[in-house]
Amino acid sequence: MDFIVYYARLPESQKREATKFFNSLDKDGDGKITVEDFMGWVKQRGFKSINKYETIFKELDKHENGTLDFDEVLMLFYLYKSGRFVFCDGCGAFIKGNYFTCLKCFNAGKSAEGCDLCCSCYRDDNFQHRDDHATFVDTHALLISIWRQNKPSASAAGFNFYSNPFFFL
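Now for a look at the structure at hand. (Residues numbered from 1 in each chain as written. Predicted model: local features only at pLDDT ≥ 70, side-chain atom pairs only at ≥ 80, totals over all residues. Heavy atoms only, no water.)

**Focus: the environment of Y7**
Okay, step 1: One can find Y7 in helix α1 (residues 3-8).
Okay, step 2: In this structure, the C-alpha to C-alpha distance between Y7 and A18, residues 11 residues apart in sequence, is 8.4 Å.
Okay, step 3: Filtering out sequence-adjacent residues up to four positions away, Y7 remains in contact with K15, A18, T19, F70 and L74. (Helix = DSSP H or I, 4+ residues; strand = E, 2+ residues; numbered from the N terminus. Contact = heavy atoms within 4.5 Å.)

Here's what the structure looks like:
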């Protein structure tokens with residue numbers, strides 16, 4: 001995802017929030033976030049599996065210069081605001097795109113408890129999960145299912161998701 005486009009479409013209040021977020025990470029004000037700055041933020045938030053977040057830092061560092069600039073931090077801002085820090089429960093990798101989740105766990109509100117799999121682990125059966133939880137769905141199918149269940153009524157027909165794609169943030 002091009003997070004510059006994401007940023008361009010944000011309301012001004014969220015643009016200010018993204019800038020404030022970046023500045024809170026930029027401890028010395030040089031316009032660059034070091035891995036130490038980033039890991040301090042991770043620890044401050046109480047995220048578990050700290051070593052997994054070092055992998056995220058490397059993923060965010062598109063310029064591969066060991067620091068994050070504002071554009072690269074936009075991806076972090078999006079992931080943080082959307083709750084999109086998902087790791088594969090098979091191999092432990094950070095999941096950047098589509099993934100599979102256990103439908104029973106998701107419906108029970110337990111989607112973050114050992115039920116999320118990258119496409120490779122799902123395909124290769126590289127996971128252990130409850131035998132009575134055999135139905136896994138990909139995130140796109142899950143989203144479509146939720147949308148169909150919550151389809152806007154005729155009175156809400158004026159709402160256009162495509163004109164406000166950040167409605168859920």
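**Concerning the nonpolar core**
Within soluble globular proteins, side chains that are nonpolar tend to cluster in buried spots.
Okay, step 1: Ranked by size, the top nonpolar core spans 27 residues in total, and within it F38, W41, Y53, I56, L76 and F85 carry the most contacts.
Okay, step 2: Among the elements of the structure, α1, α2 (12-25), α3 (35-45), α4 (50-60) and α5 (70-82) are those that each provide at least two residues to this core.
Okay, step 3: Take this core: its biggest share by element is 6 residues, from α5.
Okay, step 4: Excluding residues within four positions of it along the chain, F38 makes contact with I33, Y53, I56, F57, L60 and L76.
Okay, step 5: Formed by 12 residues, the second largest nonpolar core is a distinct cluster that contains I95, C105, L117 and F136. (Core = buried A, V, L, I, M, F, W, Y, C linked by side-chain atoms within 4.5 Å. Buried < 20%, exposed > 50% of the residue type's maximum accessible area, 1.4 Å probe, protein only.)

**As for α2**
Okay, step 1: The terminal C-alpha atoms of α2 lie 20 Å apart, and with 14 residues this matches the ideal 20 Å at 1.5 Å per residue to within 8%.
Okay, step 2: Among the residues of α2, Q14, K15, A18, F21, F22 and L25 are the ones counted as buried. The arc enclosing the buried residues of α2, seen along the axis, measures out at 120 degrees, which places them on a common side. Across α2 from its buried face, at more than 90 degrees, point the exposed residues R16 and K20.
Okay, step 3: At its buried positions, α2 is contacted by α1, β1 (33-34), α3, β2 (67-68) and α5. (Expected span 1.5 Å × (residues − 1). Arc of directions from axis to C-beta.)

**Topic: the side chain of T101**
Okay, step 1: Position of T101 among the secondary structure elements: in strand β3 (residues 100-102).
Okay, step 2: For T101, a relative accessible area of 2% puts it in the buried group.
Okay, step 3: At 2.7 Å, the side chain of T101 and the side chain of D116 are in polar contact. (Polar contact = N/O pair within 3.5 Å; in protein donor to acceptor, adjacent residues only side chain to side chain.)

**Examining unusual backbone geometry**
Okay, step 1: Phi angles above zero are rare outside glycine, and E64 is one such case at about 50 degrees.
Okay, step 2: With respect to the helices and strands, the residue E64 is situated in the loop between α4 and β2.
Okay, step 3: We classify E64 as exposed; its relative accessible area is 71%.

**Thoughts on the packing of aromatic side chains**
Given two aromatic rings, their pairing is described by the distance between the two centres and the angle made by the two planes.
Okay, step 1: Enumeration according to the criterion identifies 12 aromatic pairs in this entry.
Okay, step 2: Geometrically, the ring pair formed by F21 and W41 is edge-to-face, given 5.6 Å between the ring centres and 85 degrees between the ring planes. Of the two residues, F21 sits in helix α2 while W41 sits in helix α3, which places them 20 residues apart along the sequence. Each member of the pair, F21 together with W41, is buried. (Phe/Tyr/Trp six-rings, centres within 6.5 Å; stacked < 30°, edge-to-face > 60°.)

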